[in-house]
Amino acid sequence: MTARRFAYTALFGTVAATGWYFFAYLTRWEWNRAIISALIFLAAELALLGALVLDRIGRLRGEIAELRDRRDVPPARATRPEILAHVRDAAPEPDRPFEWLDPDRTTVFIPVLLGAGVIVSALAWAVERLARFTAGASLERDLARRLSAVALPRSLLVTVDDSRAPRWSDAPLDTTDAAALLRPTASGT
């Protein structure tokens, strides 16, 4: 048995075994093992596919070399100078996709670009200011209308006397007492 046949046999065996184990683990609800089996299955399948493609490419190369030898076609590396000169003469002018970036032409381009940027920025600023002045009230009304749908009825609301609510004091705290750091002080003290 050649090394190639042994490799193909091992790959086919791996694909078959991991495929079987994948379905076996799925039926047993062993998800982690099923995932590992599926990953090994995919890796073996990709290796098998790669080996088959590379084998086919090697066969095609051999057939091309055989055809070249039969026809007495010179290899691709040996080019005739007259043909190469003819190809170079017939070649079109190379494209210049970014011709506007030519250093000789930027003296006009850069100021125009900067001026357009300033104009567009000023226009965007004006639109933003106009939108802020005109849309503020309507956005607030729209938000209030949408929030009123989810607001509690006034009969369920409880009023709280704010004078008795705890407030944080601005007086310096005693940092040696941990409970004092966590305790809010009354608003009058």
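Residues numbered from 1 in each chain as written. Predicted model: local features only at pLDDT ≥ 70, side-chain atom pairs only at ≥ 80, totals over all residues. Heavy atoms only, no water.

Caption draft 1: Region of interest: a nonpolar patch on the surface. Taken together, the side chains of Ile35, Ile36, Leu39, Ile40 and Leu42 make up a nonpolar region of the molecular surface, amounting to roughly 460 Å² of accessible area. Tracing the backbone shows Leu42 in helix H2 (residues 31-71). (Patch = residues over 30% accessible without salt bridge, like charges linked within 9 Å, V, L, I, M, F, W, Y side chains within 5 Å. Areas by Shrake-Rupley, 256 points an atom, 1.4 Å probe, with all protein chains shown as cover. Salt bridge = Lys/Arg side-chain N within 4 Å of Asp/Glu carboxyl O. Helix = DSSP H or I, 4+ residues; strand = E, 2+ residues; numbered from the N terminus.)

Caption draft 2: Quick peek at the packing of aromatic side chains. Applying the stated criterion to the full structure yields four aromatic pairs. Between Phe22 and Phe23 the ring centres are 5.2 Å apart and the planes differ by 70 degrees, which places this aromatic pair in the edge-to-face class. Members of the aromatic cluster, joined through ring pairs, are Trp20, Tyr21 and Tyr25. (Phe/Tyr/Trp six-rings, centres within 6.5 Å; stacked < 30°, edge-to-face > 60°.)

Caption draft 3: Representation of helix H1 (residues 3-27) in the model. Over its 25 residues, H1 extends 36 Å from the first C-alpha to the last, a length consistent with the 36 Å expected when each residue adds 1.5 Å. Where H1 is buried, its residues touch H2. Trp29 sits one or two positions beyond H1 and adopts a positive phi of about 60 degrees. (Expected span 1.5 Å × (residues − 1). Contact = heavy atoms within 4.5 Å.)

Caption draft 4: Structural context of the pattern of salt bridges. Applying the stated criterion to the full structure yields six salt bridges. Among the salt bridges present, the one from Asp55 reaches Arg4, with a minimum N-O distance of 3.3 Å. Taken together, the positions of Asp55 in helix H2 and Arg4 in helix H1 put the pair 51 residues apart, joining distant regions of the chain. Residue class for Arg4 comes out exposed when judged on its relative accessible area of 54%. The shortest N-O distance in the salt bridge between Asp55 and Arg59 comes to 2.9 Å. With Asp55 and Arg59 both in helix H2 and four residues apart, the pair spans about one turn of that helix. (Buried < 20%, exposed > 50% of the residue type's maximum accessible area, 1.4 Å probe, protein only.)

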